[in-house]
Amino acid sequence: MNDRTSALDSVVFGVDIQSGDIRGDSPSYALVVLDTRDTESDEVRIERDVVSFRKLRRLIERDEPRVVATDNMYELATDKDDLVRFLRWLPHGTQLVQVTGAERPEPLSRVASRHGVPYDKDPMKEAEAAARLALANVGYEVAAFENTTTVKVSRGRSTGKGGWSQDRYTRRIHGSVKQQSREVESALKEANLDYERDVTEKYGGYSQALFTVEGRPEDIPVSTHRSGDTRVEIERERRDGIEFEPLVKRRDRVIVGIDPGTTTAVAVVGLDGRVLDVHSTRTADTAAVIEWLIERGRPSLVAADVQPMPETVEKFRRSFDAAGWAPTSDIPVDEKLHRTRDIDYENDHERDALAAALFAFDDHEDQFERISQKVPADVDREEVIARVLVSEESVEAVLREMADDADGGDPDDADEEAHEEPELTPEEREIRELRSRVERLESHVEDLKSTIEEKDETIEEYKEELSDARREERREARERREVTRLERENGRLERKVESLESDKAELADKLDQLKSLWKLDHSNFADVNTDGSLVPVKIVEQFTNGALDHTVEEYGIAAGDVVYLRDASGAGRTTAERLAEFDPKVVLRSGNLSEVADEVLFEADVPVAPADGVTIQEIDELAVAKESEVAAAIDDWEDRAEERQKEQREEMVDQIISEHRAENRR
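Computed from a prediction, not measured in an experiment: that's the story for all the values here. (Residues numbered from 1 in each chain as written. Predicted model: local features only at pLDDT ≥ 70, side-chain atom pairs only at ≥ 80, totals over all residues. Heavy atoms only, no water.)

Moving on: unusual backbone geometry. Residue Pro308 follows Gln307 across a cis peptide bond; omega there is 0 degrees. Positive phi values are uncommon outside glycine, yet Glu64 reaches one of about 45 degrees. Tracing the backbone through its elements, the reader meets Glu64 in the loop between helix H1 (53-63) and strand E4 (67-70). Judged by its relative accessible area of 53%, Glu64 is exposed. Positive phi values are uncommon outside glycine, yet Asp583 reaches one of about 55 degrees. With respect to the helices and strands, Asp583 occurs in the loop between helix H15 (573-581) and strand E18 (586-589). With relative accessibility at 46%, the residue Asp583 sits in the partly exposed group. (Helix = DSSP H or I, 4+ residues; strand = E, 2+ residues; numbered from the N terminus. Buried < 20%, exposed > 50% of the residue type's maximum accessible area, 1.4 Å probe, protein only.)

Here it is, written out as structure tokens:
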């Protein structure tokens, strides 16, 4: 091992692909478990096994190891999204560690050799090497989530489509959500956790309460669960992308960018191009800035963003005995903005410091790569890079010097000639710069693609939210339409009730009148007509077969009835003959009969009299008349009928005499 602090009282899983591929159907993994718990000596309990991916996940769930170590995080996930899902699934106390580095991992063999860990190109040996490196706090934690957790309290049941008890049911659910949110808030206060609360109030309480808590899920005294009307969901806030955090904060070799002035800004970048920190101050002196830098690493290269290098930056460079870098001409603002587009900074001074450090890294990136390729696995790569930068010697010379320092010096090596790197021609330097620019542009394209993917995901999320909102809006619209329809129906029924009440009152009045005048049944008419002065009258609206049918169907016409023709005109022989067949007592008419009808009724000996001479009392289609007036009308008809018969006889005699005279003339 080395001077790093080992992880105490922990379980470490080391994994490596044994066969297959994570993108295939059934990959298998070499698994090595290092257990340092409950050991009285420095020995580590080791377990080795070959497991499927499903069994590996079951073991992680069961044992909840402190670290799951691997030389390549994409041996456990197919892509970045799958990796995020894997990190979300991991138990709260388990870290995924990539022991070979961050964005640009080194070969596992080199890392193992540098830290004195046994290595062999065998999956089980590689898994054990990864586990031992992680146990020694070598590597970077793969992180996709912030130390901020969202606790969501929401409805555990749907409020349904409605019913007689819908309001009471909905009020109960929302009241339960409100009560549960109060319990969660009380637990967060007792745990002294900072949080922000956002609630959605609904009928009877809350439909949702959202707590944004400063802390990890394991720090929160609330668990994900569902109980009756409510459910509680806990989810860590996701970062913008995948980030790497070193297991141990070391004072590594770094590149420092400085922007001096009234406000001094400094930026720290690792030798792998990763931005480590940025800071600006108006009050701190040079000593305070130097102390701030020392806490974050050992500067090997100090950079400025202008040409020539300002004297203040030169003082910082001499303070750290570091190499210096300045551009051939002042860096334009648009290039600074483009180079720092993915980095958060507070002001233009921090941007300029970041740009200086990043452009210095871009200018030396190829050199760093060549040096790394020449450095043996057991030699500190960053130390070699720092010495090459400061001394401007070749890699070989620096390696010999470091070997001499380690061996106490070898006089025989003093005679060997140092092999300097050949000077680059202007064309070669331009080619190198162009290649560096192409790589930066390709990196920018990849960043843009990643941004597009993230925005596509956001758009899909918005589409889902919009679909849910539209579905909710349609449901509410249906409810509103149903309420409006029911209100209209209720109004219609109320109006109908009012109309029926009015009709009822009117019919009651008519019934009282009918009771006072007569009873409809002939058998009971005598009870009404106690003094024998009234006779019932059957009304026929018009002297037609249809009107006769209606009266017959509703009231009937019997022999001896008084029939009243409200409109006597228009009847023909057939209609008159049909009326005569009923043998009415008298036919009262309004209007004149046709000659044919009058002749038929006269021949049938049916009395016909004008209705004007008889007082008829009507209620709807029922009527009565005074019997005396009816008898007078019949007497009047009989008188007129007798005169009519006498006239007919006289006409007949005259006709016979005329016919006889005519025969005698012949």
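Glancing now at the sheet that holds strand E14 (residues 298-303). Taken together, the 5 strands give an open sheet; going across it, the order is E13-E12-E11-E14-E15, and neighbouring strands pair in mixed fashion. Only two strands of the sheet have a single neighbouring strand rather than two, namely strand E13 (275-281) and strand E15 (323-325). When the angles between neighbouring strand axes are averaged without regard to direction, this sheet yields 25 degrees. Pairing between E14 and E15: 3 bridges, direction parallel. (Pairing = 2+ DSSP bridges. Axes fitted to C-alpha atoms, helices over the stretch in contact; angles between N-to-C directions.)

Enumeration according to the criterion identifies 6 aromatic pairs in this entry. A centroid spacing of 5.5 Å and a plane angle of 40 degrees characterise the contact between Phe86 and Trp89, whose relative ring orientation is tilted. One end of the pair is Phe86 and the other is Trp89, both in helix H2 (residues 80-89) and 3 residues apart, which spans about a single turn. Pairwise contacts between aromatic rings join Tyr29, Phe53, Phe86 and Trp89 into one cluster. Above the ring of Phe602, the side-chain terminus of Arg644 is found at 4.0 Å from the ring centroid. (Phe/Tyr/Trp six-rings, centres within 6.5 Å; stacked < 30°, edge-to-face > 60°. Lys NZ or Arg CZ within 6 Å of the ring centre and 35° of its normal.)

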